[in-house]
Amino acid sequence: MKATQRDFAAVAPKAVRQCKVFFFCGQDEAGAAAAAARIAGMLDEPGERVEMAGGDLRRDPVLLADEARSSSLFGDARHILVRAAGDEAHDAVKNLLETIDADEGEPCPVLVVASAATDKSRTAKLLESRPDGLVAMFYPPDLASVTGAVRTMADAAGVRLQGDLAERIARASGLDVRLAQSEVTKLALYLDASPQAPKNADAEALDAVGAKTEEDGFMPLVNAVLSGEAGRLSGELHRMRELSLNPVGVLLAFERRAAQLAGLSARLGPRGDVNALLEEETRARRVFFRDKRDLSVQLRRWQGHRLERLGHRLMELHRALLSNSQAAELLLAQELAEIARAASPRR
C-alpha cells in the first residue's frame, strides 16, 4: 500500500485496520513524523510506545522482530516507533516480515520514520506491494499547503483564524507542521477554544501566545549560515540565546531549508537558470518573495554532492542534539560555524 501527503488522510483509516508495518519517508521529515503520530493516535489500542533507533537495528537486525512479538511488562498493548536514516532498518524490517509470513507470533504495530529515504528505497520496496504494509512518501511542503494544514488544525481545535493568521503561523514555523501544530494548540488554550465552543483568533491573540514571525525567529540565522555570511553568525547566535530559541527547533528550520533547496535544485537541473526558476516558483506561491534573494545565493552555494552532504550532516547533528540535550546549544553553535565556513565564498 502506498500514499503521499495528498492522499494520506484518505488512506490512513484503511491502513490502520490492515497494516502491521508503516514506513514514513521523504524530504519532509516533519510531515512524515506527524503522519506517524497520527497513525499511532488512530490505533484501537496504541498502548505503550517503544522507541528504537535505526543505528541499533542496523547492528542487530533481529532486535525489531523480537521486540515486536514480545509483551509489555504488564501485558498491555504497545507499538514500536523506529527513527532511522535511509535504509538503516532494512534488514530488521526484512526479518520482521519473514516472521510475519512464517506466522511466528502476532507483532505489535511497527512505525518507521526514515529521514533521507524515499519510496524508491530498499526498505520501501519490501513493503509497497504488501497488503499489511504502508509506504507513505512526504515531499517538501510549500507555503500554500502548510497554510491549508494550519487551517485544518485550527478548525479541529475550534480556533477560527482571522485574516492571514494561518499563513503567519506557517511562516513562523518554518513550514514545519509540528511547530505549527504547537502554535495552534497554544492558541486554543489561550482562547479556551474547543470544537464544541469555537473562538475567533486575531493577530493580538497570536502575539500573546508568543508566536514569532520568521524575522523574529529562525530564518535570519538559517540564512546567515547557509549563505556563508560568517560575519553575521556571532550576532545571530547571540540573538538565538536572547530569544531562548530551542536548538532542536532551530535545527528543524535548517532541515526544512535544506529540503527546500534539494527540491529546487532537482527542478533546476545542472544548467538551469536560478533566477528564472525562483521567479516561476514565486509566481506559483511556492516561494515567498522575501526569500528569493537568500535562496538565490544558497542554490549557488549548495549543489550536488555538497547539498547531499549538508543533509546528512544536519541529520547527524539532530541525533547529537537529541542524545545530549544539556550541551545542545553548544553543539549547534559549533556545527553551524563549520557549515557557515563551508558555505563562505572562496577568496
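Everything here concerns the structure above.
Rules behind the numbers
- Residues numbered from 1 in each chain as written.
- Predicted model: local features only at pLDDT ≥ 70, side-chain atom pairs only at ≥ 80, totals over all residues.
- Heavy atoms only, no water.
- Helix = DSSP H or I, 4+ residues; strand = E, 2+ residues; numbered from the N terminus.
- Rg over C-alpha atoms; globule rule 2.2 N^0.38 Å.
- Buried < 20%, exposed > 50% of the residue type's maximum accessible area, 1.4 Å probe, protein only.
- Salt bridge = Lys/Arg side-chain N within 4 Å of Asp/Glu carboxyl O.
- Pairing = 2+ DSSP bridges.
- Right-handed = clockwise from strand over helix to strand, strands pointing away.
- Axes fitted to C-alpha atoms, helices over the stretch in contact; angles between N-to-C directions.
- Parallel < 35°, antiparallel > 145°, perpendicular 65-115°, else oblique.
- Left-handed = near helix turned anticlockwise from the far one by under 90°.
- Contact = heavy atoms within 4.5 Å.
- Nonpolar A, V, L, I, M, F, W, Y, C, P; charged D, E, K, R; others polar.
- Phe/Tyr/Trp six-rings, centres within 6.5 Å; stacked < 30°, edge-to-face > 60°.
- Lys NZ or Arg CZ within 6 Å of the ring centre and 35° of its normal.

**Focus on the overall build of the protein chain**
Working step 1: Looking only at helices and strands, one finds 17 helices and eight strands in the protein chain.
Working step 2: Here the C-alpha atoms of the protein chain give a radius of gyration of 21 Å, agreeing with the 20 Å that 2.2 N^0.38 yields for 347 residues.
Working step 3: Overall, the C-alpha framework of the protein chain stretches about 60 × 55 × 40 Å when taken along its three principal axes.
Working step 4: For the protein chain, buried positions account for 50% of its 347 residues.

**Comments concerning the pattern of salt bridges**
Working step 1: Applying the stated rule across the entire model yields 29 salt bridges.
Working step 2: Between Asp 56 and Arg 59 there is a salt bridge, with its nearest N and O atoms 2.4 Å apart. Of this pair, Asp 56 and Arg 59 both sit in helix H3 (residues 54-59), three residues apart, which is roughly one turn of that helix.
Working step 3: Among the residues examined, Asp 56 registers a relative accessible area of 36% and is labelled partly exposed.
Working step 4: Look at Arg 59 and you get exposed, because its relative accessible area is 60%.
Working step 5: With its nearest N and O atoms 3.6 Å apart, the salt bridge here joins Lys 120 to Asp 119.
Working step 6: For Lys 120, a relative accessible area of 57% corresponds to the exposed category.

**Re the pairing of strand E4 (residues 78-85)**
Working step 1: Most of E4 is tucked away, with seven of its eight residues classed as buried.
Working step 2: Looking at chain direction, strand E3 (residues 48-53) and E4 are connected through six bridges and run parallel. Along E4, the bridge assignment pairs Ala 53 with Arg 83.
Working step 3: By the bridge criterion, six bridges tie E4 to strand E5 (residues 110-115) in an arrangement that is parallel. Following the sheet pairing, Val 82 is matched in E5 by Val 112.
Working step 4: After leaving E4, the chain enters helix H5 (residues 90-101) and then returns to the sheet as E5, a path that is right-handed.

**Here we look at the packing of helix H1 (residues 8-18) against helix H2 (residues 29-42)**
Working step 1: It is at 10 Å that the axes of H1 and H2 come closest, and there the two elements cross at 40°. As judged from the angle between their axes, H1 and H2 are oblique. Considering how the two elements wind past one another, H1 and H2 form a crossing that is right-handed. Mapping the contact onto sequence places Phe 8, Ala 9, Ala 12, Pro 13 and Val 16 in H1 and Ala 35, Arg 38, Ile 39 and Met 42 in H2.
Working step 2: Considered class by class, the residues forming the contact of H1 with H2 number eight nonpolar, no polar and one charged.

**Some details on the packing of aromatic side chains**
Working step 1: Throughout the structure, instances matching the rule amount to three aromatic pairs.
Working step 2: Relative to Phe 138, the ring of Phe 8 lies with its centre 5.8 Å away and its plane at 65°, an arrangement referred to as edge-to-face. With Phe 8 in helix H1 and Phe 138 in the loop between strand E6 (133-137) and helix H7 (143-157), the pair connects residues that are 130 residues apart, well separated along the chain. When sorted by exposure, Phe 8 lands in the same class as Phe 138, which is buried.
Working step 3: For the ring pair Phe 22 and Phe 24, a centre distance of 6.4 Å and an interplane angle of 5° mean the geometry is stacked. For the residue pair Phe 22 and Phe 24, the accessibility class agrees, reading buried in each case.
Working step 4: Put simply, the rings of Phe 8, Phe 22, Phe 24 and Phe 138 touch in pairs and so form one group of aromatic residues.
Working step 5: Between Arg 306 and the ring centre of Trp 302, over which it is positioned, the NZ or CZ distance is 4.8 Å.

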